[in-house]
Amino acid sequence: MKKDKIDLVKSRITYETFKDMASDKELSKYEKIGFPNDYREKYEESIFNNINTILRLDREGIIFFDVGCGCSELPKLIIKNAIKNRQNLYMVDSEEMLVHLPNKDNMVKISGKFPDEINLPEYQNKVDAIVLYSVLQHIVLDMNPFYFIDEAVKLLNDGGRLLIGDIPNISKRNRFFASNTGLKFHQNFTKTNTNPKYEFNTLIEDKIDDSLVFAILSRYRNAGFETYLLEQPIDLPMRNRREDILIVKN
């Protein structure tokens, strides 16, 4: 039953779906955030290290927002680091997700759907680091992604850094599986002699592709920010199909 429920929703997981999954006692902490255990269980420390490097989370006293934090081990690593560095940490997600995280003196839990249900004018131009990890692919199913990111960048302090991490880019996936390297990867992973499936010159609904990735880079450069498209480290599980975007306020 548990596997069937994950298969049912994995292609279209919205904010409301995540609320239901967070309350489902049959799902593991990784399945509650939309991943099979094998995709996250052994990798969350590496994921944290990637986030830490990009957002420079070794800084003391910064204001840090994790939007769509989920309830796996990753936010707990972020909490531990925030305590170590005496940071002001804000964890943003549904109440159903946040209840699975510990309560700490330096941490504020903000429940609700960002930005529709959360009004944060007091934090505009004050936040030093924001992470949206494995979030963008679900935002595009719920709302205009530019509206979401617009509201997030309004929070950034001068020099503030926003990481849109773990973006599943169907264009990147197609290029990879059309290559000899991708073919070998697929055959080694599946232990078969089959060819991976990929499509070009095709409209693939509900998927992020190069057009959205580069539109994000261009939009916020034109708004005065610096933007960067980053390769994911080799020790992350889906690095050949995913990438990160960094937005920095000048």
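Predicted model, so just to flag it, every value in this text is computed and none were measured. Position numbers for residues count from 1 along each chain, tracking the sequence in the order it is written. Predicted model: local features are reported for residues with pLDDT of at least 70 only, side-chain atom pairs are reported and counted for 80 or more only, and whole-chain, interface and lining totals are derived from all residues. To get the side-chain values, all heavy atoms of the structure are used, and hydrogens and water are removed first.

Novice: Could you give an account of the overall build of the chain, naming the residues involved and the relevant values?
Specialist: Comment: elements are numbered from the N terminus, with helices defined as DSSP H or I runs of at least four residues and strands as E runs of at least two. When its secondary structure is counted, the chain shows 11 helices and 7 strands. For 250 residues, the compact-globule estimate of 2.2 N^0.38 gives 18 Å, and the chain sits close to it at 18 Å. Projected onto its principal axes, the C-alpha coordinates of the chain cover approximately 55 × 45 × 30 Å. Note on exposure labels: buried denotes an accessible area under 20% of the residue type's maximum, exposed denotes more than 50%, and partly exposed covers the range between, all computed with a 1.4 Å probe on protein chains only. For the chain, with 250 residues in total, the buried portion stands at 51%. Sequence-distant contacts in the chain: of pairs separated by 6 or more residues, those separated by 24 or more amount to 68%. The accessible surface values rely on the Shrake-Rupley method and a 1.4 Å probe; as for residues, cover is taken only from the protein chains in view. Here the chain displays about 13,000 Å² of accessible surface, and carbon together with sulfur accounts for 47% of that area. Of the side-chain charges in the chain, 36 are positive and 38 negative, and the distance between the mean point of each set is 4 Å. The quantity called the radius of gyration is restricted to C-alpha atoms. Its globule counterpart is 2.2 Å times the number of residues to the power 0.38. Contact definition: two residues touch when any of their heavy atoms are within 4.5 Å. Charge counting treats Lys and Arg as positive and Asp and Glu as negative, with His and both chain ends excluded. Here the site of a charge means NZ on Lys, CZ on Arg, CG on Asp, or CD on Glu.

Novice: A description of the nonpolar core should follow, citing residues and the corresponding values.
Specialist: F65, L162, I164 and I247 are the most contacted members of the largest nonpolar core, which has 35 residues in total. Elements represented by at least two residues in this core include exactly β1 (63-67), β2 (88-93), β4 (127-133), α7 (136-142), α8 (145-153), β5 (156-168), α11 (210-222) and β7 (242-249). Top element by residues in this core is α11. It accounts for 5 residues. Excluding residues that lie within four positions of it along the chain, F65 makes contacts with Y90, V92, I110, L120, Y123, V127, A129, I130 and V131. Core analysis: the second largest hydrophobic core is formed by 25 residues, I62, L74, L89 and A129 among them. Here the nonpolar core consists of buried residues drawn from Ala, Val, Leu, Ile, Met, Phe, Trp, Tyr and Cys, with membership extended through side-chain atoms lying within 4.5 Å.

Novice: I'd like to hear about α8, residue by residue, with values.
Specialist: The complete set of buried residues in α8 reads P145, F148, I149, D150, A152 and V153. A side-chain oxygen of the first residue of α8 lies 2.8 Å from the backbone nitrogen of F146; this N-cap is N144. Polar contacts, as used here, are pairs of N or O atoms within 3.5 Å; protein pairs need one atom able to donate a hydrogen and one able to accept it. Residues neighboring in sequence count only if both atoms are side-chain atoms.

Novice: Hey, could you go over the state of the cysteines for me, with residue numbers and the actual values?
Specialist: Disulfides are defined in this document as cysteine sulfur pairs within 2.5 Å. Tallied over the full model, the rule gives 0 disulfides. In this structure C69 is not part of a disulfide, and its nearest cysteine sulfur, from C71, lies 8.4 Å away. Residue classification places C69 among the buried residues on the basis of a relative accessible area of 8%.

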